[in-house]
Amino acid sequence: MKLKKIHKDYIILQIERKKDERLGTAANDQVRFFAAYTKDVVETARQKHNTSPVATAALGRLLTAGAMMGSMCKNDSDVITLQIQCSGPIGGLTVTADSKANVKGYVNNPDVMLPPSKEGKLDVGKALDLGVLTVIKDIGLKEPYSGQTHLVSGEIAEDLTYYFAASEQIPTSVALGVLMNKDNTVRQAGGFIIQMMPYAEEETISKLEKKIAEFKSVTYALEHEHTPEKMMEDLLGDMDMKIYEKVPTQFHCNCSKERVEKAVISVGKKEIQNMIDDGEPIEVNCHFCNTHYHYSVDDLKRMLNEATR
């Protein structure tokens, strides 16, 4: 039976069940899960940053994970940042997401080109190589929470699986995938995060481990027209699976000329005066969405006046 094709990006995830608690669950609440379809998110990022295929795959995986992890946040104002610093030719990646699954991100070297891996796939692991994954959660406390782990493979899904186990002590399975067309546009993108609750029974854990081991890949499932719901049914369908919410996700940057102007003002009066003395307009680029903002000398003089108030 063929399934209906997906036309919009979305995540199946948690919903309000108790005060400040949202869960999408299976096995009598022993398991919680998040699953996403993110083709448009990743294609938008590719277009904005003009990324090479391997850079698109790397950024797309992290964007997908970020969208799901953002949706885990409980408060509307919460923000999560995933940052990878690495020794590979991609140079690093940064992704930020909010609780509404709005996500944005960039790679340090969008032009990186590498030969395929031994399996004939885009070699994301070699593009990243050795490095560190940092997860920063700004949840309204005095200081943001920050957790950090070393990359174990550079494939991102495995690195996040290790992060959840080592930094948050949550047994987790993360699967992420990006498939490219021959013209280097995005063909498929998505992923899932499955987590065991502390009270999960050994039988449930063993059963799920076997199912995950038999799961081919996210891109294989999406190519066979499996929706995120279908992927979760294959893994959790016989464990009393419940889907409580479906939310849209999108690549969205909240930068604006006014916000960037405040950033320019924050560099200080001396720096602004130096720019004015140069007598040339300036251009400021947003790393996340690659939007260019232009400011004339008159704009700079106005900013200087504001900085001296």
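None of the values given here were measured: they were computed from a predicted structure. (Residues numbered from 1 in each chain as written. Predicted model: local features only at pLDDT ≥ 70, side-chain atom pairs only at ≥ 80, totals over all residues. Heavy atoms only, no water.)

*Asks:* Go over the overall build of the chain with me, naming the residues and quoting the values.
*Replies:* On a plain count of helices and strands, the chain comes out with ten helices and 16 strands. At 21 Å, the chain has a C-alpha radius of gyration in line with the 19 Å of a compact globule built from 309 residues. Along the first, second and third principal axes, the C-alpha atoms of the chain reach 70 × 50 × 35 Å. Across the 309 residues in the chain, those meeting the buried criterion constitute 51%. At a minimum sequence separation of 6, the contacts of the chain that also span at least 24 residues come to 65%. Total accessible area on the chain is roughly 15800 Å²; 49% of this is exposed by carbon and sulfur atoms. For the chain, the distance from the average position of its 38 positive side-chain charges to the average position of its 44 negative side-chain charges is 3 Å. (Helix = DSSP H or I, 4+ residues; strand = E, 2+ residues; numbered from the N terminus. Rg over C-alpha atoms; globule rule 2.2 N^0.38 Å. Buried < 20%, exposed > 50% of the residue type's maximum accessible area, 1.4 Å probe, protein only. Contact = heavy atoms within 4.5 Å. Areas by Shrake-Rupley, 256 points an atom, 1.4 Å probe, with all protein chains shown as cover. Lys, Arg positive; Asp, Glu negative; His and termini not counted. Charge placed at Lys NZ, Arg CZ, Asp CG, Glu CD.)

*Asks:* Any chance you could break down the environment of R46 for me, citing the residues and the numbers?
*Replies:* Looking at the secondary structure, you find R46 in helix α1 (residues 39-49). Given the relative accessible area of 15%, R46 is considered buried. Sequence-wise, R46 and A35 are eleven residues apart; in three dimensions their C-alpha atoms are separated by 21 Å. Aside from chain neighbours lying at most four places away, what touches R46 is T51, T56, M180, N184, T185 and V186. Side-chain polar atoms of R46 contact the side chain of E43, separated by 2.7 Å. (Polar contact = N/O pair within 3.5 Å; in protein donor to acceptor, adjacent residues only side chain to side chain.)

*Asks:* Before we move on, could you go through the nonpolar core and cite the residues and values that matter?
*Replies:* The nonpolar side chains of soluble globular proteins are, as a tendency, buried together. M69, I84, I90, L93, L128 and I156 are the most contacted members of the largest nonpolar core, which has 69 residues in total. In terms of residue count, helix α2 (residues 53-71) provides more of this core than any other element does, eleven residues in total. Excluding anything up to four places from it in sequence, I84 contacts L62, G92, L93, L128, V132, L133, L151 and I156. Grouped together as the second largest cluster of nonpolar side chains are 22 residues, V31, A200, M231 and L235 included. (Core = buried A, V, L, I, M, F, W, Y, C linked by side-chain atoms within 4.5 Å.)

*Asks:* If you had to explain the side chain of S99 to someone new, which residues and values would you point to?
*Replies:* Turning to its location among the elements, S99 is positioned in the loop between β7 (93-98) and β8 (102-107). A distance of 3.1 Å separates a polar side-chain atom of S99 from the backbone oxygen of N75. A polar side-chain atom of S99 sits 3.3 Å from the main-chain carbonyl oxygen of D76. The contacts of S99, once residues within four sequence positions are left out, are G70, S71, C73, N75, D76 and D78.

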